[in-house]
Amino acid sequence: MQLQTKEPPRLELKGTPREIGLEHGRLLSQQIRDQIKVYENMFQETSKMSWDDVRDLAEEFRESLEKKVSDIYAEMQGIAEGAGLDLLDIVALNCRSEIAMGSFSDGCTSLSWKKHDDGRVLAQNWDWAAAAGKNIAIVSIEQPGKPKVYMVTEAGIVGKIGFNSACVGVCLNAIRARPCISSKIPIHVALRLCLESSSAQTAVERVSGLGGIACSVHILVADSTTALGLELSPLGDVHLKEDDLGTVTHTNHFIENRNVYEPPWLSGSPIRLGRVRQLLGELIRGGISGSQITPSLLRDKIFSDTFNAPQAICCSEDTSRGPAVRSKTIFNIIMNLEKDNLSAELVVGRPGSGEESAVIRMPWA
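In the nomenclature of an unreviewed UniProt entry, the protein chain is known as Peptidase C45 hydrolase domain-containing protein of Aspergillus thermomutatus.

Take the sheet that holds strand β10 (residues 238-240) next. The strand order across the open sheet built from 8 strands is β1-β4-β5-β6-β7-β8-β9-β10, with neighbouring strands paired in mixed fashion. Each end of this open sheet is capped by a strand with a single partner; those strands are β1 (10-14) and β10. Neighbour to neighbour, the strand axes of the sheet diverge by 20° on average, direction disregarded. Pairing of strand β6 (residues 161-164) with strand β7 (residues 169-174) involves 2 bridges; the strand directions are antiparallel. Its bridge partner being in β7, G162 is matched across the sheet by V170. Its contacts with the sheet place helix α8 (residues 187-195) against β4 (136-142), β5 (149-154), β6, β7 and β8 (217-222), and it is angled at close to 165° to β7.

Running from N to C, helix α4 (residues 70-83) and helix α5 (residues 87-94) cross one another at 120°; their axes reach a closest spacing of 8 Å. Classified by the interaxial angle, the pair formed by α4 and α5 is oblique. Remark: the crossing between α4 and α5 carries right-handed chirality. Two secondary-structure elements touch here, α4 through Y73, M76, Q77, I79 and A80 and α5 through L87, I90, V91 and N94. Split into classes, the residues belonging to the contact of α4 with α5 amount to 7 nonpolar, 2 polar and no charged.

It is worth spelling out the pattern of salt bridges at this point. Tallied over the entire structure, the rule returns 21 salt bridges. When the shortest N-O distance is used, the salt bridge between R120 and E242 registers 2.6 Å. Placement of the pair is R120 in strand β3 (residues 119-129) and E242 in the loop between β10 and β11 (247-250), with a sequence separation of 122 residues. Judged by relative accessible area, which is 24%, E242 ranks as partly exposed. A salt bridge links K148 to E142, with the nearest nitrogen and oxygen atoms 3.7 Å apart. Taking the relative accessible area as the measure of exposure, E142 reaches 38% and is therefore partly exposed.

Moving on, we come to the domain arrangement of the protein chain. Taken domain by domain, the protein chain comprises domain 1 (10-100) and domain 2 (109-362). Contact residues are listed per partner, giving 38 residues for domain 1 and 43 residues for domain 2. Carbon and sulfur atoms make up 58% of the surface buried where domain 1 meets domain 2, a total of about 3300 Å² over both sides. Among the residues of domain 1 in contact with domain 2, K68, N94 and E98 are the three that bury the most area, contributing 17% of the side total. At the junction of domain 1 and domain 2, the tally comes to 4 salt bridges. Our count for the domain 1 to domain 2 interface comes out at 23 residue pairs in polar contact (both at pLDDT 80 or more). Elements with a minimum of two residues in the side of domain 1 that touches domain 2: β1, α1 (17-27), α2 (29-47), α3 (51-68), α4, α5 and α6 (96-100). When residues in the side of domain 1 that touches domain 2 are grouped by element, the largest group, 10 residues, is from α2.

A few words on α4. The terminal C-alpha atoms of α4, which comprises 14 residues, lie 20 Å apart, in line with the 20 Å expected from a rise of 1.5 Å per residue. With 10 of 14 residues buried, α4 lies mostly within the body of the structure. Along α4, the positions that sit buried rather than exposed are I72, Y73, A74, E75, M76, G78, I79, A80, G82 and A83. Structurally, α4 contributes buried residues whose contacts are with α1, α2, α3, α5, β4 and α8.

A few words on the pairing of strand β2 (residues 109-116). Among the 8 residues in β2, 6 count as buried, and that is most of the element. Examined bridge by bridge, β2 and β3 share 7 bridges and lie antiparallel to one another. Following the sheet pairing, L111 is matched in β3 by A123. In sequence, β2 turns back onto β3 through a hairpin of 2 residues.

One pass over the full model with this rule turns up 5 aromatic pairs. With a centroid separation of 5.4 Å and an interplanar angle of 35°, the aromatic rings of W126 and F331 are classed as tilted. On the criterion of sequence distance, the pair formed by W126 in strand β3 and F331 in strand β12 (residues 327-337) is long-range, its members being 205 residues apart. Residue W126 shares its accessibility class with F331, and that shared class is buried. When the centroid spacing of 6.3 Å and the interplanar angle of 85° are considered together, the rings of Y150 and W364 count as edge-to-face. Here the residue Y150 occupies a position in strand β5, and W364 occupies one in the segment after β14 (360-362), the gap between them amounting to 214 residues. With respect to class, Y150 is no different from W364; both count as buried. Put simply, the rings of Y150, F163 and W364 touch in pairs and so form one group of aromatic residues.

Conventions adopted
Residues numbered from 1 in each chain as written. Predicted model: local features only at pLDDT ≥ 70, side-chain atom pairs only at ≥ 80, totals over all residues. Heavy atoms only, no water. Pairing = 2+ DSSP bridges. Helix = DSSP H or I, 4+ residues; strand = E, 2+ residues; numbered from the N terminus. Axes fitted to C-alpha atoms, helices over the stretch in contact; angles between N-to-C directions. Contact = heavy atoms within 4.5 Å. Parallel < 35°, antiparallel > 145°, perpendicular 65-115°, else oblique. Left-handed = near helix turned anticlockwise from the far one by under 90°. Nonpolar A, V, L, I, M, F, W, Y, C, P; charged D, E, K, R; others polar. Salt bridge = Lys/Arg side-chain N within 4 Å of Asp/Glu carboxyl O. Buried < 20%, exposed > 50% of the residue type's maximum accessible area, 1.4 Å probe, protein only. Domains from an automatic or database assignment. Buried area = accessible area lost by both parts, 1.4 Å probe. Polar contact = N/O pair within 3.5 Å; in protein donor to acceptor, adjacent residues only side chain to side chain. Expected span 1.5 Å × (residues − 1). Phe/Tyr/Trp six-rings, centres within 6.5 Å; stacked < 30°, edge-to-face > 60°.

Okay, structure coming up:
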């Protein structure tokens, strides 16, 4: 009999940025410390960098964050204080993608699907190292004058995958490309900015208005009426619109953005992209639409798919890789972005494996 994955902690945070950070740091102190050890091992294995080296590089980002996003910077200060850590430890966690410069191998599959003119489904499998997956948390954040945020994140990290009370949601696909420019906005901060926005277009404007992204990434952002695949890079962006089927799909390579140098990376990424498009097409041709597009259907027909394993949509560990960077599907999230039915279902673990948690509903009671 297979054991189900343990549910991650749930945090309900509200107040000023500092108060939100303090509570985050206090409640997840042990997980944050463990996550630092996880990334210390990853940096050592992939780049021969010590955590002191990583912190030195984080200082460049700290200066930029303090100037550009003072509220999020104050939240990071609160996390550090609450956890009893140095601020640069928290900055380094939040800039780990930029500091790694593509040395990590997180691979994810994301999609949006138009249910009707005023409804979108946004979903993804988040694939990452099992050690890092131990320290995820489900977080709600309530601040005056901003939409309420519901997200799944890593302990100590201020922004990741989720949605808000204004029906704006985000998914994430890592891209390995050069260069990285530390004066621009880190990926996880950009995700948080999107999650504080009142529409998909406002999210785009918020990130671009601060000078754009520090390193390459794909952020799939949607609200109830619009979905955009943001192929972002420090040297220029490309926005992918919904196709004729009302979908946007993405994995871990740029589809149209040619502004940066993107060396060969995950050989399974184009295969996964073709596969998710194939499976979506089969559902659409089979007449699935509107209210028939349910989380259970998507988990069963798409996100549990193991074609081309281990680099499948439902990713399993590749034992040929070093233990610190073996990716697997950590969780699946499916968000329903409709004003009268705003919700999400989260499953921790590989969908369809028998090891996943029971369905966790967001928002929770």
